[in-house]
Amino acid sequence: MQAYITHVPQAYHRYIRQLTISTAAKAAAAFVPHPAPAAQAVSDALGVLLSQCTQLEQLTLNLAGAISKTVVPCFERLNSLTTLTINHVGDQQLSPLYAAASPAAVTEYTDTL
C-alpha cells in the first residue's frame, strides 16, 4: 500500500469510487490487539489513502488483524461512502480485529450506509 501511495499521484485518488484493501499479505504476527510498528505502518498508510479518496462509495477491508484507532477519523470524511465491508482474514486467536471482553469473534461486518 505504501508503494501505491508513493508512486500514484495524490490527485488521482479523488477519482477512486470503489476500493478493496487487504492486509493479508503482511505477516499475521505483525497484527496484534495493540498495533506493533508494522501494523502501525499499515494503519498510517490506510489513513493517508482514505483521507485522499474523497469520493469513495464502496470500501472493502480484508484485515489480517487490528488496525490503529487513528484510522477512525478518516471515515468521518468519507461523505460518499455507502457500503463498508470489513472481513477478518487472519487468525482470531493470534490477531483479533477487536479485543473485547467477550469471547465473541468478529469475522465479517458489512453495513450499507
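Residues numbered from 1 in each chain as written. Predicted model: local features only at pLDDT ≥ 70, side-chain atom pairs only at ≥ 80, totals over all residues. Heavy atoms only, no water.

Across its full length, the chain carries three helices and four strands. When the elements of the chain are put in sequence order from the N terminus, they spell out α-β-α-β-α-β-β. Taking all 113 residues of the chain together, 34% fall into the buried category. By sequence separation, contacts in the chain at least 24 residues apart represent 74% of the contacts at least 6 residues apart. (Helix = DSSP H or I, 4+ residues; strand = E, 2+ residues; numbered from the N terminus. Buried < 20%, exposed > 50% of the residue type's maximum accessible area, 1.4 Å probe, protein only. Contact = heavy atoms within 4.5 Å.)

So, about the pattern of salt bridges. A full pass over the atoms with the stated rule returns one salt bridge. The salt bridge involving arginine 17 is made with glutamate 57; its shortest N-O contact spans 4.0 Å. Here arginine 17, found in the loop between helix H1 (2-7) and strand S1 (18-22), pairs with glutamate 57, found in the loop between helix H2 (37-52) and strand S2 (58-63); they are 40 residues apart in sequence, far enough to count as distant. Relative accessible area serves as the criterion here: at 36%, glutamate 57 is assigned to the partly exposed category. (Salt bridge = Lys/Arg side-chain N within 4 Å of Asp/Glu carboxyl O.)

Moving on, we get to the confidence of the model for the chain. Confidence along the chain averages 80 in pLDDT terms, with 75% of residues attaining 70 or more. Below a pLDDT of 50 lies the segment residues 26-32, which in the model reaches 15 contacts outside its immediate sequence neighbourhood of four places, other chains included. Within the model, the stretch residues 101-106 combines pLDDT values under 50 with four contacts to residues more than four positions away or in other chains. (pLDDT = per-residue confidence, 0-100.)

In terms of strand pairing, S1 meets S2 through five bridges, oriented parallel. By the bridge assignment, threonine 20 is partnered in S2 with threonine 60. Here six bridges tie S2 to strand S3 (residues 83-88), and the two strands are oriented parallel to one another. Bridging from a neighbouring strand, asparagine 62 pairs with asparagine 87 of S3. (Pairing = 2+ DSSP bridges.)

Looking now at the nonpolar core. Leu19, Leu50, Leu56 and Leu59 are the most contacted members of the largest nonpolar core, which has 19 residues in total. Among the secondary structure elements, those contributing two or more residues to this core are S1, H2 and S2. Looking at which element gives the most residues to this core, the answer is H2, with four residues. With near-sequence residues (within four places) excluded, leucine 56 lies in contact with Ile16, Arg17, Gln18, Leu19, Leu50, Leu78, Ser80 and Leu81. (Core = buried A, V, L, I, M, F, W, Y, C linked by side-chain atoms within 4.5 Å.)

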